[in-house]
Amino acid sequence: MIGQTEPPDFYVAPEETPVRWWEPLLAWVIVWLVLLALLPNILDKLDPVTGDEPFYLVTAISLLHDHDLDEANNYANKDYWEFAPSCQEMNRPHWGDVGEVPINNVPGILAPGLRNDCVGLPLPLDALSTLPPHTSQGTIRPGQYTKHGIGLSVLIAPAFALGNRPLVVVFLAALAALVAVNVWLLAFETTGRRFVAWLSYALMAFSVHLLPFSFLIFPATPAALLAVYAWRRLRLSARAQQLNLPYYQPNGPFRTLVIGACIGFLPWLHSVYLSLSLFLFLYWALGGRIGRWLGQLFSRQPRPQTEFKQTLGERLGKIFPAGWSPLALAFFFMPVIILGALFVSYYIYYYGTPMPNTQDHAGFAPLIEIPTGLLGLLFDQKYGMLIYGPFYLLAFCGLWLMFRRQKDAVETAANRSDLAWMVVVAGPYLLIMGDYKQWWGEWGPPARYLVPVVPLLAVPLAHALFQLKGWLAKIFLVVTTAWSLAFSAIFMYNPHVMYNWQTNNPATSLRWLEANVPFLKDASLGKYFPSYVTHLTINGGQPNVLAAMLWLGGALSLIVLLVFFGEGKTMQPPTYSPQPGIRVPLGLTNPHH
């Protein structure tokens, strides 16, 4: 029986216990209530929806009204007026008078899709009464079809039918809260420390990269939820296989059904998420095997094999991942096969090819441009992740801590396995987005294309928060948290500020600070932040190479200093002992999350 083989004896923290049933619920309720409290201001200021948002709503209207995807009649009938602001709303003083500087904090936006049947309104409504459709190119069927993925429209259609745009945003906020729950669970399963879990959760849930997209009708937040849930559950499965604990397989039939549905539905949100699905499937197939191989590589002695009677499930483990019962395998493959077959059929029916259509978007730059795109996603003053959330540098410190050899060989193997699969799953997607000609996402908040994989950084962030105990790390955490939350507060106070466009002006947020903070009035902040999208007028139309080099060099230097001077006494993550002689990582003892 399995008791004949004991996993390594990890450090045990008696004060820590497995996840209590109410903790994930509490984590979800807190974030959702905060988002609901912020929602009225968001709906008031960002009305009508802009960017790609209205096109997902029009597709949902077509599904609800016509039960089809042909949107020609919906645009002809101006069905988008269903979610446009009313005449009464537009009649308020200064409605839509956002302005360029100081970016007025007023309701409404002058954007395409407004009503022009309002009597006496002194606004250019006639010119804005038509919403130009985002029509797909290359379709072989008669009609007019969206170039965007239809998965998000399918998800939000019931909410739109019941409560128009407000209920759609309430629904998306609920999904964002579930993302935060998975961040909490990832951090706790990584370290076993509740303080680390709650801190990681608060930092990530209320920072710029996840918070604004909680309210926007983009596929980013649903994709983040599907990706982080599938990766987290597959990680626990791989860890059980690595430790030769098939009887502690954390994913029963229902959970494997959800994992399969996550992997199968991701490409429906956007075809670029197909890369996430493919490598999540690879994680399912090889995660445990590679984990066991790493365990043997870093152990001084070969790991003994568990001895037990071979059942059908264990025999299938020679082909499929160990510990997955035939029923669990069936539940996993069912949504993957069904959703995958429908995805291929969709493209064959509408485009005559099983491959996703590549004609509808900006296309890709030469491969040599990938570093520029990746650096821009991190450091660009309008769209860079680290500009608006510098505490994420701690996650990069955590990546090094995960790679570094630990005192316990099994823990070294586990950390490096996690690191490897983070790179395998997220890496190809990041390379694709770095090579995309419009990697910044055009009209939208910062780091739009990073949102689907940002929650995975909860693992290295938790490692850093758990291990870096020195004064330097604490000062850095306090300062960068204050910086990040300040931008979040500005964006929630005046959500117009979080939008940027590829103009020659500095970032909207920097110009807002100059206009509203007296001592920054003549600071010319745009000179001190890199710009990878355009050459700014404030820099004479020339690339600001010095700022780019200083920010990159400063970030690398801080990572080195934090890792080598910020570390306190290192302890192994705690384990839980379900029965004498058997100790397993805390993550494998949470069957209900």
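Located above this text is the structure these notes cover.
Residues numbered from 1 in each chain as written. Predicted model: local features only at pLDDT ≥ 70, side-chain atom pairs only at ≥ 80, totals over all residues. Heavy atoms only, no water.

Comments concerning unusual backbone geometry
Here the amide bond leading from Asp47 into Pro48 is cis, since omega sits at 10°, within 30 degrees of zero. Here Pro48 is to be found in the loop between α1 (22-45) and α2 (53-65). Not every positive phi belongs to a glycine, and Lys78 is a case in point at roughly 55°. On the secondary structure map, Lys78 appears in the loop between α3 (72-76) and α4 (87-90). The class for Lys78 is partly exposed, based on a relative accessible area of 23%. Here the phi dihedral of Glu442 falls at roughly 55°; this positive angle occurs in a residue that is not glycine. (Helix = DSSP H or I, 4+ residues; strand = E, 2+ residues; numbered from the N terminus. Buried < 20%, exposed > 50% of the residue type's maximum accessible area, 1.4 Å probe, protein only.)

Observations regarding the packing of aromatic side chains
Enumeration according to the criterion identifies 38 aromatic pairs in this entry. Each ring, one from Phe83 and one from Phe160, has its centre 6.5 Å from the other, and the planes form 75°; the classification is edge-to-face. With a gap of 77 residues between them, Phe83 in the loop between α3 and α4 and Phe160 in helix α6 (residues 151-191) connect regions that are remote in the sequence. Summarising the aromatic geometry, the rings of Phe332 and Phe333 are spaced 5.4 Å apart at their centres and angled 75° between planes, so their arrangement reads as edge-to-face. One aromatic cluster is present, formed by Tyr145, Trp268, Phe343, Tyr346, Tyr347, Tyr349, Tyr350 and Tyr351 through successive ring pairs. Over the face of the ring belonging to Phe403 we find Arg416, whose NZ or CZ atom lies 4.7 Å from the ring centre. (Phe/Tyr/Trp six-rings, centres within 6.5 Å; stacked < 30°, edge-to-face > 60°. Lys NZ or Arg CZ within 6 Å of the ring centre and 35° of its normal.)

That's the geometry; what it means functionally is another story.
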